[in-house]
Amino acid sequence: MDKKKNDPIGGNTILLWVSPLKALILHLICGLGLGLAFWVANHIYSLDLITNYSSHFVSQVFLAPVLILLYSHLRHDRNQCSYVKAVGRGLLALPAGAVVNALGATILGAPVGFEYFPKTLSWSLLMSLLTFVPAACVFGSSWTDWHRVFARTKANESTDCMICLPAHGAVIGAWFGAWPMPLDWESPWQEWPICVTYGAVAGYLVGLVASLGCIIFRNRQQHLKEE
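Here's a quick rundown of the structure. (Residues numbered from 1 in each chain as written. Predicted model: local features only at pLDDT ≥ 70, side-chain atom pairs only at ≥ 80, totals over all residues. Heavy atoms only, no water.)

1. Things to note about the overall build of the protein chain
Here comes step 1: What the protein chain contains, in helices and strands, is 8 helices and 2 strands.
Here comes step 2: Helices and strands appear in the protein chain in the N-to-C order β-β-α-α-α-α-α-α-α-α.
Here comes step 3: A globule of 227 residues ought to have a C-alpha radius of gyration of about 17 Å, and the protein chain, at 18 Å, matches this closely.
Here comes step 4: Taken along its principal axes, the extent of the C-alpha atoms in the protein chain is 60 × 35 × 35 Å.
Here comes step 5: Each of the 227 residues in the protein chain was classed as buried or not, and the buried ones make up 46%.
Here comes step 6: A separation of at least 24 residues holds for 65% of the contacts in the protein chain among residues at least 6 apart in sequence.
Here comes step 7: When the accessible surface of the protein chain is summed, it comes to about 11900 Å², and 68% of that surface belongs to carbon and sulfur atoms.
Here comes step 8: With 15 positive and 13 negative side-chain charges, the protein chain shows a separation of 13 Å between the mean positions of the two kinds. (Helix = DSSP H or I, 4+ residues; strand = E, 2+ residues; numbered from the N terminus. Rg over C-alpha atoms; globule rule 2.2 N^0.38 Å. Buried < 20%, exposed > 50% of the residue type's maximum accessible area, 1.4 Å probe, protein only. Contact = heavy atoms within 4.5 Å. Areas by Shrake-Rupley, 256 points an atom, 1.4 Å probe, with all protein chains shown as cover. Lys, Arg positive; Asp, Glu negative; His and termini not counted. Charge placed at Lys NZ, Arg CZ, Asp CG, Glu CD.)

2. Some points on the packing of aromatic side chains
Here comes step 1: Here the structure, examined in full by the defined rule, presents 8 aromatic pairs.
Here comes step 2: Taken together, a centroid distance of 5.2 Å and an interplanar angle of 75 degrees make the contact between tryptophan 175 and tryptophan 179 edge-to-face.
Here comes step 3: Geometrically, the ring pair formed by phenylalanine 176 and tryptophan 179 is tilted, given 5.0 Å between the ring centres and 50 degrees between the ring planes.
Here comes step 4: Taking the relative accessible area as the measure of exposure, phenylalanine 176 reaches 43% and is therefore partly exposed.
Here comes step 5: Ring-pair connections join several aromatic residues into one group, and the members of that group are Phe132, Trp146 and Phe150. (Phe/Tyr/Trp six-rings, centres within 6.5 Å; stacked < 30°, edge-to-face > 60°.)

3. Remarks on helix α2 (residues 54-72)
Here comes step 1: Over its 19 residues, α2 extends 28 Å from the first C-alpha to the last, a length consistent with the 27 Å expected when each residue adds 1.5 Å.
Here comes step 2: In α2, a bend of some 30 degrees at leucine 63 exceeds every other bend along the element, and proline 65, a proline, comes one to four places later. (Expected span 1.5 Å × (residues − 1). Bend = angle between axes of the 7 residues up to and from the residue.)

4. Thoughts on helix α4 (residues 117-130)
Here comes step 1: Along its 14 residues, α4 runs 20 Å from first to last C-alpha, staying within 8% of the 20 Å computed at 1.5 Å per residue.
Here comes step 2: Burial runs high along α4: 10 of the 14 residues are buried.
Here comes step 3: Inspection of α4 places Thr120, Ser122, Trp123, Ser124, Leu125, Leu126, Met127, Ser128, Leu129 and Leu130 among the buried residues, and these make up the whole buried set.

5. Here we look at a nonpolar patch on the surface
Here comes step 1: On the surface, Leu21, Leu24, Ile25, Leu28, Ile29 and Leu32 cluster together into a nonpolar patch covering about 560 Å² of accessible area.
Here comes step 2: Relative to the elements of secondary structure, leucine 28 occurs in helix α1 (residues 20-44). (Patch = residues over 30% accessible without salt bridge, like charges linked within 9 Å, V, L, I, M, F, W, Y side chains within 5 Å. Salt bridge = Lys/Arg side-chain N within 4 Å of Asp/Glu carboxyl O.)

6. Notes on the state of the cysteines
Here comes step 1: Following the criterion strictly, the structure yields 0 disulfides and no others.
Here comes step 2: Unpaired in this structure, cysteine 164 has its nearest cysteine sulfur neighbour in cysteine 161, at a distance of 7.4 Å. (Disulfide = S-S within 2.5 Å.)

7. Some words on the pattern of salt bridges
Here comes step 1: Taken as a whole, this structure holds 3 salt bridges when the rule is applied.
Here comes step 2: For aspartate 145, the salt bridge goes to arginine 148, with nearest N and O atoms at 2.6 Å. Pair noted here: aspartate 145 and arginine 148 are both in helix α6 (residues 143-151), with a separation of 3 residues, about one helical turn.
Here comes step 3: Its relative accessible area of 9% is what places arginine 148 among the buried residues.
Here comes step 4: One network of salt bridges, in which partners are shared, links Asp145, Arg148 and Asp160.

Set out below in structure tokens:
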């Protein structure tokens, strides 16, 4: 069962703790959706995932609705925000997060130029999907929640774990994925931002597993306290 508490403003209830089973289902859908998105681009549209970077745009078209629709169900301010509004927040966060990620990548040394623009745009949109979009769907414009989860890395609720750990995993994975780029191996996957993209995806998947483990552990701890 999902645990809830009363909202002192509207008298309604807001979701605080998602059950491990519900978290498992959501994580499985996210992971399978991510894999299916790349599979569709590769097998249905015959787009090579390394040499043809337009395949990543195709995969994001399939992945974006999955993440936005799922995380909108976990929105916190239910007394003020409908499901449709939460979906709208996710859609608005997608380009906004892409701009932030693109600027961050450029500052950290991503190649700049017209020929790199589509690649940087595609990578930035993917990173926005894995980091900004879930938080926007759940928290909206609540700066307190954004600061707590991303700046302080403090997860008070299960939804915090479900957003914080996968997002941090994607960022850390992208950072590790950039390491092989300057090496003189002359491999196609070393081109920007191929290895960074797959590093982010791998880190995101690890974050999904870690967040599920965190939820199960904290749920067990809560049961022990109640006993």
